[in-house]
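Chains, contacts and geometry: an overview
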Amino acid sequence: MCTTPTSPTTRRYAADIVAMHDRMTYARLLDHLPQDDLPHLAVRGDGLVTVAATTEQLPHRYLLGLQGFRLAQYLQLGWACEEALHRSAGFCEPLQALHPDDVHVLTASSRTGRILGYLSLTTSGDVAPRELRDPDRARFPVEAAHRIDLFDRVPAPEGVRSDGVRELKRFVHARTLTDRAQRLRVTLELLLGAGRTLLAVEPAVQVLVGDVEEDVALRHLLLAGLEVHLVEDTEPWLPDDDLLHLAYTRRGAVKPFVAGVPDVAELRQRIELLEATLASEDLFEAADAFAGAVRGATRRVAA
């Protein structure tokens with residue numbers, strides 16, 4: 001259990017893990033990926049590189065690095081348990097939680113090779129697709145943490161099975177990224193990478209799930225123009241020995257969501273708008289115009 005006060009040894013161990021991942025460079029990542037078979041790849045003239053790759057496509061050492069980047073950001077935010085990390089002698093989030101067809105989207109600096117932002121689109125882990133009302137289907141992590149069946153609260157479109165759903169997770173920026181314009185640019189690059197991934201993966205993804213704070217990550221979903229169904233009044237919980245249990249006790253209210261993915265034509269149109277937004281000289285004005293054009297919305301659903 002993470003208690004207060006944390007011992008100096010434990011704090012030093014966690015600080016060393018953060019410092020180690022801050023030094024990591026991913027400058028040669030593209031050399032080790034099948035570039036002709038990636039869901040998304042964008043190399044920009046401004047020095048940003050965004051790539052989407054499945055767990056299967058990423059070499060083991062890069063998976064360790066990505067899981068470590070995620071952990072380092074959560075440690076700095078106070079959402080990862082230093083005691084659980086020290087007790088397990090860990091240095092990254094467990095790889096066992098990943099599935100082969102999970103997609104990892106990251107934006108990095110080509111100059112430094114350091115990751116600036118990351119998100120993942122994860123599968124449920126079902127070996128074979130199951131009906132969403134099947135009591136034996138694998139639960140998405142958000143459902144396990146909030147102890148609910150999301151599709152009891154927000155029915156999915158007819159015919160959608162578990163392989164047509166992805167959980168949007170770990171939408172994080174590097175804590176070193178403090179410039180507002182660069183942070184917005186990284187956000188838009190990640191959203192673009194997620195959009196192109198949704199176009200590329202098969203079977204088609206029709207529903208996104210996850211959980212968000214209303215004043216933080218929800219803004220990204222609305223910026224992307226999604227109609228987000230927020231489930232109210234859940235009681236998320238992870239065991240005290242879980243590395244990330246503090247993510248549900250130290251943040252503000254974290255609410256599960258269900259959002260439909262636009263059809264292919266609409267998704268392509270939004271991707272074109274995002275590309276135009278990223279090419280604009282006034283990024284903030286262009287981002288406001290994009291958000292106004294796609295018009296995201298929030299719907300509230302009782303638990």
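Residues numbered from 1 in each chain as written. Predicted model: local features only at pLDDT ≥ 70, side-chain atom pairs only at ≥ 80, totals over all residues. Heavy atoms only, no water.

Considerations on the overall build of the protein chain
Regarding its fold elements, the protein chain presents nine helices and nine strands. Projected onto the principal axes, the alpha-carbon positions of the protein chain cover approximately 55 × 50 × 35 Å. Put simply, 77% of the contacts in the protein chain that link residues at least 6 apart link residues at least 24 apart. Accessible area of the protein chain: about 14,400 Å², with a carbon and sulfur share of 49%. If the 34 positive side-chain charges of the protein chain are averaged to one point and the 44 negative ones to another, these points end up 4 Å apart. (Helix = DSSP H or I, 4+ residues; strand = E, 2+ residues; numbered from the N terminus. Contact = heavy atoms within 4.5 Å. Areas by Shrake-Rupley, 256 points an atom, 1.4 Å probe, with all protein chains shown as cover. Lys, Arg positive; Asp, Glu negative; His and termini not counted. Charge placed at Lys NZ, Arg CZ, Asp CG, Glu CD.)

A short note on the pattern of salt bridges
Under the defined criterion, the tally for this structure stands at 19 salt bridges. Put simply, Arg28 and Asp31 hold a salt bridge, and the shortest N to O gap is 3.5 Å. Looking at Arg28, the relative accessible area reads 54%, which means it is exposed. On the basis of relative accessibility, which here comes to 54%, the residue Asp31 falls in the exposed class. A cluster of three or more residues bridged by salt bridges with shared partners is formed by Arg44, Glu189, Arg196 and Glu275. (Salt bridge = Lys/Arg side-chain N within 4 Å of Asp/Glu carboxyl O. Buried < 20%, exposed > 50% of the residue type's maximum accessible area, 1.4 Å probe, protein only.)

Some words on the pairing of strand S2 (residues 48-54)
In terms of residue burial, S2 counts as a mostly covered element, since seven of its seven residues are buried. Along S2, one buried face is formed by Leu48, Thr50, Ala52 and Thr54 and the opposite face, lined by Val49, Val51 and Ala53, is buried too. Where strand S1 (residues 40-43) meets S2, four bridges bridge the pair, whose relative direction is antiparallel. Looking at the pairing, Val43 lines up with Val49 of S2. (Pairing = 2+ DSSP bridges.)

A closer look at the layout of surface pockets
Over the atoms, a rolled probe matching the size of one water molecule traces out where space is still vacant. As a volume, the largest pocket reaches approximately 1,200 Å³. Taken together, 46 residues form the lining of the largest pocket, with Tyr74, Lys169, Arg170, Phe171 and Arg251 sitting closest to its centre. Elements that contribute at least two residues to the lining of the largest pocket include exactly helix H2 (60-77), helix H4 (141-146), strand S5 (165-173), helix H6 (180-200), strand S6 (207-213) and helix H7 (217-223). The element that contributes the greatest number of residues to the lining of the largest pocket is S5, accounting for seven residues. Partitioning the lining of the largest pocket into residue classes produces 26 nonpolar, six polar and 14 charged. Computed from the structure, the second largest pocket encloses a volume of approximately 340 Å³. Those elements that place two or more of their residues in the lining of the second largest pocket are helix H1 (8-23), H2 and strand S4 (115-122). Looking at the lining of the second largest pocket, the element that brings in the most residues is H2, giving three residues. (1 Å grid on protein atoms, 1.4 Å probe; cavity = no way out; pocket = protein on both sides within 12 Å on 5 of 7 lines; lining within 4 Å. Points joined across faces, edges and corners; volume = space filled by probe spheres on them. Nonpolar A, V, L, I, M, F, W, Y, C, P; charged D, E, K, R; others polar.)

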